[in-house]
Amino acid sequence: MAEPRSFSFNGLTLENGAFLGPVTLAYETWGTLNAAGDNAVLVLHALTGDSHATSDGVPGEERGWWEDLIGPGRAIDTRRWYVVCSNALGGCKGSTGPATLNPATGRPWGLGLPLIGIDDMVEAQSRLLDHLGVGRLACAIGGSMGGMQALAWLRRYPAHLERAVVLATAARHSPQQIAFQEVGRQAVMADPDWAGGDYYQGPHPASGLALARMIGHITYMSDRSMARRFGRQRKGHGSDFKFTTDFEVEGYLRYRGDSFVKRFDANSYLYLTKAVDDFDGLEPPLAPTASGGPRVLVGGFASDWLYPPYQSRAIAVACRRAGLATTYTEVESSWGHDAFLLEIDRLAPLLRGFLENAGEGPGEAP
Amino acid sequence: MSHHGMRAIAALVEPGSSVLDLGCGRGELLGLLLRERGCRGHGVEIDEAAILACVSAGLSVFHGDIEQSLAEHADASVDVVILNQSVQQLRQVDKVLGEALRVGKRVIVGFPNFGHWSVRWQVFFGGRTPVTPGLPWGWHETPNLHFFSLKDFEAWCAQGRVQILKRLCFDGERQCCLLPNLLARDGVYLIQGPGPR
């Protein structure tokens, strides 16, 4: 896999007033920026994603998390669009986060890193796009936490954006969503190896982070998708221990938890889940646009109970009331929240149709 | 509805109006209004394939049912609400038309006329549920829940003190004036609620 490139700048003042610097973003790009600098599509990953959205069809490269949507001839066609994806600020895939060395101390930031918000991630991305020579974005697109960032782009930089696609997300977390995130954070912090976030010299809080991930995975699937995938299948190996992983679903969750620990930093998990909990995409509200504002596509997924479609619809209604030309669609799917990664056959024509038309008429009467 | 009919409906809408097209299908009428009448607005549609067609044509559309969409709009917030060939499929006609008249300063309603002679003929002489170009389904498969004539609709308006500002009658491609309840296959009404405007 090609290493992501990185872009560093001296820092930025965060929404909460704290200064964070220096800042590095790890990013990848596919396709070619045109002379006008207006064919860029910014792809925004979800909570634990990274900059590797696609292999762009390069043989031997690892598949990306939106592989089937981005590439030559695909819905987000890299022969037409210059596609940029960066690892979110606060993450652990090359961008500045709690595991990054703090130059002032020579040690990892740990909990010394100020809290980061969704708007701060967007601010850092806008610096990266300036650096890459992108003028007006053709589109910002993301699902889940990436959808929140797309919404933050709409509010923050409406004049720098031609289109936005907001998928499987909420303008603000409900108490139920905060509750799930908090249980995940508590699982991490209850692990003695977490050590107040200062664990980089010793063992990492693997069991806590794995447990958090297991909880997360349950919320990403649906009743139906779990039944279809696992049923009540037993793994079939005998063991003397009473509480071994009898069922396939138990083994799957253990596996997902354990493999997550190898690729993700526990403190990043805390920071990112907090950023998502704290986000309020409609307060302050979107500024009313007279006409010519970004065109918006908001999509929810029928079986997504973590981000139920009504939350996506509320975003669409708010965009329409702000005068933006807005489409809302509820995509049929049984995949649960994972649908925005898996429901490719339904998403692809929708995204292509939305990206490639010239747009008819101005927005709404605000 | 024919392209000609679409144009006639579009001509009922003042240029530059805000519109809400309830049951917009693939967006033919909505596209016409935006392109040629300088309107702004969006459609509402339940069918995923039709929504994809709208999105690909650059039109804005909300996926979902008509009632819910109307509830998301403030009083008199839209110049013209359009219910073209969708009223006969609504479950609660009174409620939805009332809501449409609340949200829209004016409302356009278009529907197949159950008083057309061919309908009467089939019922009277054939003794069968009529199947016509505007009502193309058999009794067991039709999505239509309500069957009504121009006279029925006008009586409904009179009862609710709904003003009829304009009426267009179509026999296929042609507009017709004579004996409309007998000769028109489709009726299109521009109406306005009784409230002070």
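The shown structure was predicted, so the numbers you read here are calculated from the model rather than taken from an experiment. (Residues numbered from 1 in each chain as written. Chains lettered and ligands numbered in written order. Predicted model: local features only at pLDDT ≥ 70, side-chain atom pairs only at ≥ 80, totals over all residues.)

Side note on the overall build of chain A
Part 1: Of regular secondary structure, chain A possesses 10 helices and 14 strands.
Part 2: Over its C-alpha trace chain A gives a radius of gyration of 20 Å, about what one expects of a compact globule, namely 21 Å for 366 residues.
Part 3: When its C-alpha atoms are laid out on the principal axes, chain A stretches across 70 × 50 × 45 Å.
Part 4: In chain A, which comprises 366 residues, the share counted as buried stands at 52%.
Part 5: Sequence separation of at least 24 residues holds for 70% of the intrachain contacts in chain A that already meet a minimum separation of 6. (Helix = DSSP H or I, 4+ residues; strand = E, 2+ residues; numbered from the N terminus. Rg over C-alpha atoms; globule rule 2.2 N^0.38 Å. Buried ≥ 20, exposed ≤ 12 C-beta atoms within 10 Å, placed from the backbone. Contact = placed C-beta atoms within 7 Å.)

Considerations on the overall build of chain B
Part 1: Within chain B one finds 8 helices and 8 strands.
Part 2: Dimensions along the principal axes, computed over C-alpha positions, put chain B at roughly 45 × 40 × 30 Å.
Part 3: Buried residues in chain B amount to 44% of all 197 residues.
Part 4: Across chain B, the fraction of contacts at a sequence separation of at least 24, relative to all contacts at a separation of at least 6, is 62%.

Focus on the domain arrangement of chain A
Residue and element names in this part refer to chain A.
Part 1: Looking at the assigned domains, one finds that chain A contains domain 1 (5-173 + 280-356) and domain 2 (177-276).
Part 2: Domain 1 and domain 2 are separated by 25 Å when their C-alpha centres are compared.
Part 3: Counting residues at the interface gives 29 residues for domain 1 and 21 residues for domain 2. (Domains from an automatic or database assignment.)

Brief notes about the interface of chain A and chain B
Part 1: Taken residue by residue, the interface counts 22 residues in chain A and 22 residues in chain B.
Part 2: Those elements giving two or more residues to the side of chain A that touches chain B turn out to be helix H8 (309-321), strand S14 (326-331) and helix H10 (344-356) of chain A.
Part 3: Broken down by element, the residue count for the side of chain A that touches chain B peaks at 5 residues, all from S14(A).

Quick look at helix H1 (residues 3-10) of chain B
Residues and elements named next belong to chain B.
Part 1: Among all positions of H1, only Gly5, Ile9 and Ala10 are buried. Here the buried residues of H1 occupy an arc of 140 degrees about the axis, which is enough to place them on one side. Turned more than 90 degrees away from the buried face of H1 sit His3 and Arg7, all of them exposed.
Part 2: Packed against the buried residues of H1 are helix H2 (28-36), strand S4 (78-84), strand S5 (104-112), strand S6 (163-171) and strand S8 (186-192). (Arc of directions from axis to C-beta.)

Quick look at the packing of helix H1 (residues 118-132) of chain A against helix H2 (residues 145-156) of chain A
Residues and elements named next belong to chain A.
Part 1: Closest axis-to-axis distance for the H1/H2 pair is 9 Å, and the angle between their directions is 70 degrees. Comparing the axis directions of H1 and H2 gives the class roughly perpendicular. Seen from H1, the contacting residues are Ile118, Asp119, Met121 and Val122; seen from H2, they are Met148, Gln149, Ala152, Trp153 and Arg156. (Axes fitted to C-alpha atoms, helices over the stretch in contact; angles between N-to-C directions. Parallel < 35°, antiparallel > 145°, perpendicular 65-115°, else oblique.)

Focus on the pairing of strand S11 (residues 139-143) of chain A
Residues and elements named next belong to chain A.
Part 1: Counting buried residues in S11 gives 5 out of 5 residues, a clear majority hidden from the surface.
Part 2: Burial along S11 is two-sided: the residues Cys139, Ile141 and Gly143 and Ala140 and Gly142 are all buried.
Part 3: Across 4 bridges, S11 lies against strand S12 (residues 163-167) in parallel orientation. The partner of glycine 143 across the bridge, within S12, is leucine 167.
Part 4: After leaving S11, the chain enters H2 and then returns to the sheet as S12, a path that is right-handed. (Pairing = 2+ DSSP bridges. Right-handed = clockwise from strand over helix to strand, strands pointing away.)

What to know about unusual backbone geometry
Part 1: A cis amide bond, omega -10 degrees, links Gly21(A) with the succeeding residue Pro22(A).
Part 2: Mapping Pro22(A) onto the fold places it in the loop between strand S3 (19-20) and strand S4 (23-30).
Part 3: For the peptide bond that leads from Glu283(A) to Pro284(A), omega is 0 degrees, which places it in the cis range.
Part 4: Residue position: Pro284(A) is located in the loop between helix H7 (266-278) and strand S13 (295-301).
Part 5: In the Ramachandran plot, Ser144(A) falls in the positive-phi region, its phi being about 60 degrees despite a non-glycine side chain.
Part 6: Along the chain, the position of Ser144(A) falls in the loop between S11 and H2.
Part 7: Residue Gln85(B) is not a glycine yet carries a positive backbone phi of 60 degrees.
Part 8: Looking at Gln85(B), the number of C-beta atoms within 10 Å reads 19, which means it is partly exposed.

With respect to the environment of Asp265(A)
All names here are of chain A.
Part 1: Here aspartate 265 lies in the loop between helix H6 (248-263) and H7.
Part 2: Given 23 C-beta atoms within 10 Å, aspartate 265 falls into the buried group.
Part 3: Considered as a pair, aspartate 265 and leucine 209 are 56 residues apart in the sequence and their alpha carbons are 8.4 Å apart.
Part 4: Among all residues touching aspartate 265, those that are not within four sequence positions of it are Cys92, Gly97, Pro98 and Ala99.

Comments concerning the pairing of S8(B)
Residues and elements named next belong to chain B.
Part 1: With 5 of its 7 residues buried, S8 lies for the most part within the structure.
Part 2: Bridge analysis of S6 against S8 gives 7 bridges, and the strand direction is antiparallel. Considered in S8, the bridge of leucine 168 is made with valine 188.

A short note on the packing of helix H4 (residues 206-220) of chain A against H6(A)
Residue and element names in this part refer to chain A.
Part 1: Running from amino to carboxyl end, H4 crosses H6 at an angle of 130 degrees, the nearest separation of the two axes being 8 Å. Compared by their axis directions, H4 and H6 come out oblique. Crossing hand, H4 versus H6: right-handed. Only Leu253, Arg256, Gly257, Asp258, Phe260 and Val261 of H6 make contact with H4, whose side of the interface consists of Ala206, Leu209, Ala210, Leu211, Arg213, Met214 and His217.
Part 2: Class assignment of the residues belonging to the contact of H4 with H6 gives a composition of 8 nonpolar, 2 polar and 3 charged. (Left-handed = near helix turned anticlockwise from the far one by under 90°. Nonpolar A, V, L, I, M, F, W, Y, C, P; charged D, E, K, R; others polar.)

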